[in-house]
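Each chain, written out:
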Amino acid sequence: MASMMNTHVAISHTSSVSAALVAVSPPTQVSHVGCACSPSTLSFECLTAPSRCGRVCVCACHRVACSAPVLPPASMLSSALRVASPHFVRGTRPTVSRLPPVFVHLPFAIMSASTSAPCGTGSGAGAGAGAGADHPRRVLIVGGVAGGASTAARLRRLDETAEIIMFEKGPYASFANCGLPYYVGDVIKDASKLVVADNALFHDRFRIQVRTNTEVTAIDTEHKMLKVRKADGSEVQEPYDACVIATGASPVKLPIPGIEGPGVFHLRTIPDSEAIRAWIKRHNATHVTVVGAGFTGMELVHSLRDRGMDVTLVERLPHVMAPMDNEFAAPIEAELKRHGVDVVCGDGVAEVLRPEAPEDPCRPMKVKLASGREITTSLVLSVAGARPTSQLAVAAGLEVTPRLRAVVVDSQMRTSAPDVWAVGDVVQSYRVLDHLGQVVPLAGLANRQGRVAAESIVGLDTHMREVQATAVCRAFGITISMTGWLDKALQHDAERWPKGSYHVIHTHPGNHASYYPGATPLHMKLAFSAKDGRVLGAQAVGWSHESVVRRIDVISMCIQMKGTVHDLAELEACYAPQYGSAKDPVNVAGMLAVNVLKGLAVLSDWDAVMAAANAVASGEAQADAEADSGLVVDVRLPEEFAAGSIPGAVNVPLETMRDASALDALPKGRPLHMLCRVGQRAYIAQRLLCQQGYDARLLSGGYQTYLALQPRGADGWKDIVEEYLRDLDK
């Protein structure tokens, strides 16, 4: 361990008594073997201009003072050789392989002192063409966390000689911001667990300089210079060969009276989470109002409820998890309510009201909604989204998008300015299928962008693929995941995806073989092109967390590889009863979609069926309207039908459908929408009737989908959730 904390370079010659052992750590000691110099503390020497300080070690008898004891590995080795080796050829920057026979011992963090080009980059590739033998590439990274830190680490692996400096405005350069909601909720109890890499690790393992609590205030792209404000308030100019902007995103601050006062918090950094925890403890908080029901909102609600606090979740849009289709948000709302969360959708915050006696720290505040309802609460967490923190880029004249002002980059993460890259939440990504710009604030994406940027800087021909916004979230016992284009997004983009140009199907398989104990329902929806079957997007919810993620990950890869539903149908998945079924849920979705493409399964229009059902339920149905919309035929058993069905449906059990009397009772001149619990029996009935000359169609997903599609879908899903829990108890 001691060798990992210090940097040692030992050099000995068989033909000379001149040798040296150089150690670099405060205080830095030097010991010469067979040299007239006695052991003493090292100082530093600037061999080049101050802006390109080599900060090279020499022994005490060659001392030249330098104010900044920072030592690049290549320079350190070069200096040691100048002092120790009479065979050193001046005017060159040798690698270990060029030296006379020597013994060199280095810890792995600085094993390579070679100044040759990184493997695979070729000569003259990458940024900073002026970086020659005496001028290593200088890369300045503005911002850390996922994008900036990944860029720095990858760059060091590609170029051992580069001078890499990362500036971070806050106190932590690399931390897991995805874990912040769980730290707030006390699931994670120690903030240090969220720190991925501290300054010492960056230096010891990568020789990357990290300057925390340091703000970059301007980027001069013409002169390739950063203006930097240090923690003490002083300002310096930092030149660069390559600059990477990784400033991330900032919380959306709603234009609401009272939102900026005490007791209202946003969540983006570790200090933010520490402030929330301190408020909860200091005020003995018992109730929290979470504004925003996206990913962060869901995670906060879950962890704070587990902490024992009462929670009200407020969402201005019609349902939680706004990107998802309504029927998939419904089971999440049902699960939230089942765990005692007060869910308020379709009603935004109008004002935050504070007590008249602010000196009373325990007096609660009130949140007034647009509807007039007032919520008494101990604190407010506003997590209504984030926007790119692009002020630096805008001021530097870089191209940004009109609305969100995200930095525009190409497939190599290069901006509109020479030798300036950008990564992470601050940039615009490009969507799969249509290649249009979109801001996708995901940690995995930021890491991949950092890798691409680093490789671009050193000249590798690496490009980012289009993104599909694959994501997952957990709310108590239920997990929800999505990838690609969802039905809602396709409907919104009707110009490119008009009605009939794509299909959507619902399936409700078990997560594994039903006969193996612990099987749970998995609800999936798949969108695919009507022209060629290309997979467009998918979403899933279920109570087996790993099963939900596994299926969406598989479909995500299919989308990325421009796969079709035929690929899903032919997927060769792992199978054992405790992990899946002989027909994996992905296979089932693919097979149903293939049936649709082949014309074997004709899908009903759920919107039209729902409209007709609602008209029947309200007593407003007209005879001609019923004829136009068709007849719903419920093929379940009579007892199932009696427990609940779509208004206006008739019950013809599948088991009796082949009887002549049953067939004669069904009209051939109207569309027949076949319904069962989840769709399997309805498909059998649909195939039977089609071969008898009927216009039979399939309501994919069956009665479970109908329950979720109702205006109060969450209430409809309560029956499904309760049924699942009863089965689980058995």
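All figures in this text were calculated on a predicted structure; none of them were measured in a lab.

**Comments concerning the overall build of the chain**
Turning to step 1, where the next piece is worked out: Helix and strand counts for the chain come out as 21 helices and 37 strands.
Turning to step 2, where the next piece is worked out: Out of the 730 residues belonging to the chain, those deemed buried represent 51%.
Turning to step 3, where the next piece is worked out: For the chain, the share of sequence-separated contacts (at least 6 apart) that also reach a separation of at least 24 residues comes to 62%.
Turning to step 4, where the next piece is worked out: Of the roughly 32,300 Å² of accessible surface on the chain, 53% is carried by carbon and sulfur atoms.

**A word on the sheet that holds strand E23 (residues 374-377)**
Turning to step 1, where the next piece is worked out: Read across the sheet, 3 strands follow the order E21-E22-E23 without closing on themselves; strand pairing throughout is antiparallel. Each edge of the open sheet is held by one strand with a lone partner, namely strand E21 (349-353) and E23. Strand-to-strand twist of the sheet, defined as the mean angle between neighbouring strand axes without regard to direction, takes the value 20 degrees.
Turning to step 2, where the next piece is worked out: The sheet contact formed by strand E22 (residues 365-369) and E23 spans 4 bridges and is antiparallel. The partner of lysine 366 across the bridge, within E23, is threonine 376.

**Points about the packing of aromatic side chains**
Turning to step 1, where the next piece is worked out: One pass over the structure, following the stated rule, counts 3 aromatic pairs.
Turning to step 2, where the next piece is worked out: With a centroid separation of 5.7 Å and 70 degrees between ring planes, the pair formed by phenylalanine 265 and tryptophan 279 is classed as edge-to-face. With phenylalanine 265 in strand E17 (residues 264-265) and tryptophan 279 in helix H6 (residues 270-282), this pair connects stretches of sequence that are 14 residues apart. Comparing phenylalanine 265 with tryptophan 279, the two get one shared label, buried.
Turning to step 3, where the next piece is worked out: Centre to centre, the rings of tyrosine 703 and tyrosine 706 are 5.6 Å apart; their planes meet at 25 degrees, and the pair counts as stacked.

**A word on the sheet that holds strand E19 (residues 310-315)**
Turning to step 1, where the next piece is worked out: Taken in spatial order, the 5 strands of this open sheet run E17-E24-E18-E19-E20, and their pairing is parallel. With partners counted over all chains shown, the strands left at the sheet margins are E17 and strand E20 (342-345), one partner each.
Turning to step 2, where the next piece is worked out: For strand E18 (residues 287-291) and strand E24 (residues 379-382), the ladder comprises 4 bridges, and the chain directions are parallel. If you follow valine 288 over to E24, its bridge partner there is leucine 379.
Turning to step 3, where the next piece is worked out: Those strands touched by helix H7 (residues 295-306) are E18, E19 and E24, and its axis lies near 165 degrees from that of E19.

**Considerations on the nonpolar core**
Turning to step 1, where the next piece is worked out: Met298, Leu304, Leu313, Val320, Met321, Leu336 and Leu379 are the most contacted members of the largest nonpolar core, which has 59 residues in total.
Turning to step 2, where the next piece is worked out: For leucine 379, the residues in contact, after removing those within four places along its chain, are Gly263, Phe265, Ile276, Trp279, Ile280, Ala285, His287, Val288, Thr289, Met309 and Met365.
Turning to step 3, where the next piece is worked out: Within the second largest apolar cluster, 54 residues are counted, among which are Ala162, Ala396, Met413 and Ala454.

**Comments concerning the pattern of salt bridges**
Turning to step 1, where the next piece is worked out: As enumerated under the stated definition, the model contains 30 salt bridges in all.
Turning to step 2, where the next piece is worked out: When the shortest N-O distance is used, the salt bridge between glutamate 238 and arginine 211 registers 2.7 Å. Residue glutamate 238 is located in strand E14 (residues 235-239), and its partner arginine 211 is located in strand E11 (residues 209-212); the two are separated by 27 residues in the primary sequence.
Turning to step 3, where the next piece is worked out: Assessed through its relative accessible area of 9%, glutamate 238 is described here as buried.
Turning to step 4, where the next piece is worked out: Given the relative accessible area of 25%, arginine 211 is considered partly exposed.
Turning to step 5, where the next piece is worked out: Put simply, arginine 681 and glutamate 640 hold a salt bridge, and the shortest N to O gap is 3.0 Å.

**So, the packing of helix H3 (residues 145-158) against helix H10 (residues 443-457)**
Turning to step 1, where the next piece is worked out: For the pair H3 and H10, interaxial distance at closest approach is 7 Å and the crossing angle is 35 degrees. The interaxial crossing formed by H3 with H10 has right-handed handedness. Residues Ala146, Gly147, Ser150, Thr151, Arg154, Leu155, Arg157 and Leu158 of H3 form the contact with H10, whose own contacting residues are Ala443, Ala446, Asn447, Gly450, Arg451, Ala453, Ala454, Glu455 and Ile457.
Turning to step 2, where the next piece is worked out: A breakdown of the residues in the contact of H3 with H10 according to their chemical character gives 8 nonpolar, 5 polar and 4 charged.

**Regarding the side chain of aspartate 425**
Turning to step 1, where the next piece is worked out: Position of aspartate 425 among the secondary structure elements: in the loop between strand E26 (420-422) and strand E27 (429-430).
Turning to step 2, where the next piece is worked out: Aspartate 425 gets classed as buried once you look at its relative accessible area, which sits at 13%.
Turning to step 3, where the next piece is worked out: Excluding its chain neighbours within four sequence positions, the residues that come into contact with aspartate 425 are Gly248, Ala249, Arg268, Pro388, Val439, Val440, Pro441 and Leu442.

**A word on helix H20 (residues 702-709)**
Residues that lie three or four places apart on an α-helix share one face, since the helix turns once every 3.6 residues.
Turning to step 1, where the next piece is worked out: The element H20 is largely enclosed, with a buried count of 7 among its 8 residues.
Turning to step 2, where the next piece is worked out: Where H20 is concerned, the buried positions are Gly702, Tyr703, Gln704, Thr705, Tyr706, Leu707 and Ala708.

**Focus: the environment of valine 535**
Turning to step 1, where the next piece is worked out: Position of valine 535 relative to the elements: it lies in strand E33 (residues 535-542).
Turning to step 2, where the next piece is worked out: Valine 535 gets classed as buried once you look at its relative accessible area, which sits at 0%.
Turning to step 3, where the next piece is worked out: When the C-alpha atoms of valine 535 and serine 556 are compared, they prove to be 9.2 Å apart, with 21 residues separating the residues in sequence.
Turning to step 4, where the next piece is worked out: When neighbours within four sequence positions are excluded, valine 535 is seen to be in contact with Leu526, Ala527, Phe528, Ile555, Cys558, Ile559, Gly563, Thr564, Val565 and Leu568.

**Overview of the confidence of the model for the chain**
Turning to step 1, where the next piece is worked out: Overall, the prediction assigns the chain a mean pLDDT of 81, with 77% of residues at 70 or greater.
Turning to step 2, where the next piece is worked out: With pLDDT under 50 throughout, residues 1-118 is counted as low confidence; its partners more than four residues away or in other chains account for 191 contacts.
Turning to step 3, where the next piece is worked out: Note on residues 120-125: pLDDT is under 50 here. Beyond four places in sequence and across chains, it has 8 contacts.

**A closer look at the side chain of histidine 319**
Turning to step 1, where the next piece is worked out: Position of histidine 319 relative to the elements: it lies in the loop between E19 and helix H8 (326-338).
Turning to step 2, where the next piece is worked out: The exposure class assigned to histidine 319 is buried, which follows from its relative accessible area of 7%.
Turning to step 3, where the next piece is worked out: Only 3.4 Å separates the side chain of histidine 319 from the backbone oxygen of methionine 324, close enough to count as a polar contact.
Turning to step 4, where the next piece is worked out: Looking at histidine 319, its side chain comes within polar contact range of the side chain of lysine 488, at 3.0 Å.

**Section: the pairing of strand E29 (residues 471-475)**
Look at any regular strand and the pattern is simple: side chains alternate between the two faces of the sheet.
Turning to step 1, where the next piece is worked out: On E29, burial follows the alternation: Ala471, Cys473 and Ala475 on one face are buried, whereas Val472 and Arg474 on the facing-out side are not.
Turning to step 2, where the next piece is worked out: Examined bridge by bridge, E29 and strand E30 (residues 478-484) share 5 bridges and lie antiparallel to one another. Bridge assignment links arginine 474 to a residue of E30, and that residue is threonine 479.
Turning to step 3, where the next piece is worked out: Counting the residues in the hairpin turn of E29 and E30 gives 2 residues, including phenylalanine 476, whose phi is positive at 55 degrees.

Parameters and conventions
- Residues numbered from 1 in each chain as written.
- Predicted model: local features only at pLDDT ≥ 70, side-chain atom pairs only at ≥ 80, totals over all residues.
- Heavy atoms only, no water.
- Helix = DSSP H or I, 4+ residues; strand = E, 2+ residues; numbered from the N terminus.
- Buried < 20%, exposed > 50% of the residue type's maximum accessible area, 1.4 Å probe, protein only.
- Contact = heavy atoms within 4.5 Å.
- Areas by Shrake-Rupley, 256 points an atom, 1.4 Å probe, with all protein chains shown as cover.
- Pairing = 2+ DSSP bridges.
- Axes fitted to C-alpha atoms, helices over the stretch in contact; angles between N-to-C directions.
- Phe/Tyr/Trp six-rings, centres within 6.5 Å; stacked < 30°, edge-to-face > 60°.
- Core = buried A, V, L, I, M, F, W, Y, C linked by side-chain atoms within 4.5 Å.
- Salt bridge = Lys/Arg side-chain N within 4 Å of Asp/Glu carboxyl O.
- Left-handed = near helix turned anticlockwise from the far one by under 90°.
- Nonpolar A, V, L, I, M, F, W, Y, C, P; charged D, E, K, R; others polar.
- pLDDT = per-residue confidence, 0-100.
- Polar contact = N/O pair within 3.5 Å; in protein donor to acceptor, adjacent residues only side chain to side chain.

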